[in-house]
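Chains, contacts and geometry: an overview
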Amino acid sequence: MNLMIITNLNEKPELFEQTLNLIEDSLGYFEPYRYDIDFHPLMEKMNWKNNYVIYDSKNKTVVSHIGVNIRTLKNNNMTSPIALLGGISVHKDFRGQGLFKRLMEHVFKKFEKKVSLFILWSDLKELYNKFNFYEAGLVFQTGSMNLSENKSIELFFEKTRLTDLSQSDIKELKKIYESYSEENLTYIVRNDDHWSMLKNITSCDLYLFKKEEKIQGYFFANKGLDLQNIIHEIGIKKEFKKEFLDYISPYKVWLPEKLPYKDHFSKNTFLAFFKVGSVKLFKSFVYNLSNKNILVEKVSPEFIIYHERGVQKKETIEYFLNYLFNHKKADFENNLTSYPIYFSGLESI
């Protein structure tokens, strides 16, 4: 009899608190921070069917968890389904027994035909490389100042939270998010339900940029234990973009590419770990992301064969993902990748 059962929180909702405790213990959470607030879209009840756990029925213990949030990547050329993975944890008394691998393979099997990419965030490079996840994408940090140490930012921005906004203000915020993202990024689609979920991330602050009492831009900063003093999402109407960025660039702002008029940046880091999902969906994703310049012929766990402008090439998956994601449009002739991929801290799990 198998005493280690793979189930999910929808089937066993009574395991939620124990699962949350496991995640928080594994990730080093402490009061007053709560993982289910910082990462509400992953842990909220409507997503429990995608919160997978291994349950030790003998000891009545949740021993491992992987959460999955299915979203859509979009730019002007394409949409593509992706799986964001988070809350990945194994009970300290059950490590080294292959349970993590078993649960990860269960998740892959569930979603590998449904998404173009699996995406996660971690500093455990060697571990995730074994599962064919590779670091790719770039995030630039503009400055080094902490918001919490310099309140002068509030001379130009109104500090608030999503929960405090009127419906008309939220509607304006949505419009700015969509227009700014469509002009600049490959980004994650947010429908009305997603925006409603974001209100529950009460550990995140919202700053509004107003002119003549109208919202012309915004930024999100902080997120509980995860992103303290980081500005991780911006949205601004085109005519105010330079003024807006001049105000915030001395702070720790995360952007997908360098500002065109700034020579100095504090640092840059990788965006996330990526793993190929459905080969069919991945081929379509690459073709459209590259402005139809790259046609993928074959994908194996380690290598990819593709044609770029009529030239056949063979590279490792790691090299290819970095080639595809780590450059902005100015780096390539004929705009190989027009819209750099970026995830806000509100989406990362």
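Residues numbered from 1 in each chain as written. Predicted model: local features only at pLDDT ≥ 70, side-chain atom pairs only at ≥ 80, totals over all residues. Heavy atoms only, no water.

The subject of this paragraph is the overall build of the chain. What the chain contains, in helices and strands, is ten helices and 16 strands. At 21 Å, the chain has a C-alpha radius of gyration in line with the 20 Å of a compact globule built from 349 residues. Taken along the three principal axes of its C-alpha coordinates, the chain extends 70 × 55 × 35 Å. Taken over 349 residues, the chain has a buried fraction of 53%. When the accessible surface of the chain is totalled, it reaches about 16700 Å², and 48% of it is carbon and sulfur. (Helix = DSSP H or I, 4+ residues; strand = E, 2+ residues; numbered from the N terminus. Rg over C-alpha atoms; globule rule 2.2 N^0.38 Å. Buried < 20%, exposed > 50% of the residue type's maximum accessible area, 1.4 Å probe, protein only. Areas by Shrake-Rupley, 256 points an atom, 1.4 Å probe, with all protein chains shown as cover.)

All right, on to the layout of surface pockets then. A water-sized probe, rolled over the atoms, reveals where empty space remains. Estimated volume of the largest pocket: approximately 940 Å³. Together, 36 residues line the largest pocket, and W121, S122, D123, D226 and I349 are the ones closest to its centre. Elements with a minimum of two residues in the lining of the largest pocket: α1 (16-27), β4 (78-90), α5 (125-129), β6 (134-141) and β13 (267-276). The greatest single-element share of the lining of the largest pocket, amounting to six residues, is contributed by β4. Class assignment for the residues of the lining of the largest pocket results in 21 nonpolar, ten polar and five charged. (1 Å grid on protein atoms, 1.4 Å probe; cavity = no way out; pocket = protein on both sides within 12 Å on 5 of 7 lines; lining within 4 Å. Points joined across faces, edges and corners; volume = space filled by probe spheres on them. Nonpolar A, V, L, I, M, F, W, Y, C, P; charged D, E, K, R; others polar.)

Let's shift gears to the pattern of salt bridges. Two side chains carrying opposite charge are able to pair once their charged atoms lie near each other. Per the counting criterion, the structure on display carries 18 salt bridges. Where E347 meets R71, a salt bridge forms, and the shortest distance between an N and an O atom there is 2.8 Å. Separated by 276 residues along the polypeptide, E347 in the segment after α10 (317-325) and R71 in strand β3 (residues 61-75) bring together distant segments of the chain. Each member of the pair E347 and R71 is classed as buried. (Salt bridge = Lys/Arg side-chain N within 4 Å of Asp/Glu carboxyl O.)

The next subject is the packing of aromatic side chains. According to the stated counting rule, one finds 33 aromatic pairs in the structure shown. Measuring from centroid to centroid gives 6.0 Å for Y128 and F133, while their planes differ by 85°, and the two rings are edge-to-face. For Y128, a relative accessible area of 4% translates into the label buried. When the ring of F157 is compared with that of Y247, the centres are 6.3 Å apart and the planes differ by 85°; the resulting orientation is edge-to-face. Of this pair, F157 sits in the loop between β6 and β7 (158-160) while Y247 sits in helix α8 (residues 241-248), and the two are 90 residues apart along the sequence. Of the aromatic side chains, those joined through ring pairs into one cluster are F100, F108, F118, Y128, F131, F133, F270 and F273. Above the ring of F108, the side-chain terminus of K275 is found at 4.6 Å from the ring centroid. We note K314 situated over the ring of F303; from NZ or CZ to the ring centre the distance is 4.9 Å. (Phe/Tyr/Trp six-rings, centres within 6.5 Å; stacked < 30°, edge-to-face > 60°. Lys NZ or Arg CZ within 6 Å of the ring centre and 35° of its normal.)

Along the chain, the position of D93 falls in the loop between β4 and α4 (99-111). Placed 30 residues apart in sequence, D93 and V63 show a C-alpha to C-alpha distance of 8.3 Å.

Sheet architecture is open: four strands sit in the order β7-β9-β10-β11, paired in antiparallel fashion. The open sheet terminates on both sides in strands that have one partner only, identified here as β7 and β11 (231-236). Averaged over all pairs of adjacent strands, the angle between strand axes in this sheet comes to 25°, irrespective of strand direction. Alignment of strand β10 (residues 214-221) against β11, held across five bridges, turns out to be antiparallel. Residue pairing across strands places Y218 opposite G235, the latter belonging to β11. The strands that helix α6 (residues 167-184) touches are β9 (205-211), β10 and β11; relative to β10, the one it contacts most, it runs at about 75°. (Pairing = 2+ DSSP bridges. Axes fitted to C-alpha atoms, helices over the stretch in contact; angles between N-to-C directions. Contact = heavy atoms within 4.5 Å.)

The next subject is unusual backbone geometry. The step from E31 to P32 runs through a cis peptide bond, and the omega angle for that step is 10°. For N229, which is not glycine, the phi torsion reads 65° and is therefore positive. For N229, the position within the fold is in the loop between β10 and β11. Given a relative accessible area of 14%, N229 falls into the buried group. Its identity as a non-glycine residue notwithstanding, R309 has a phi of 50°, on the positive side. Residue placement: R309 occurs in the loop between β15 (303-308) and β16 (311-316).

Don't take any of this as a statement about function, it's just geometry.
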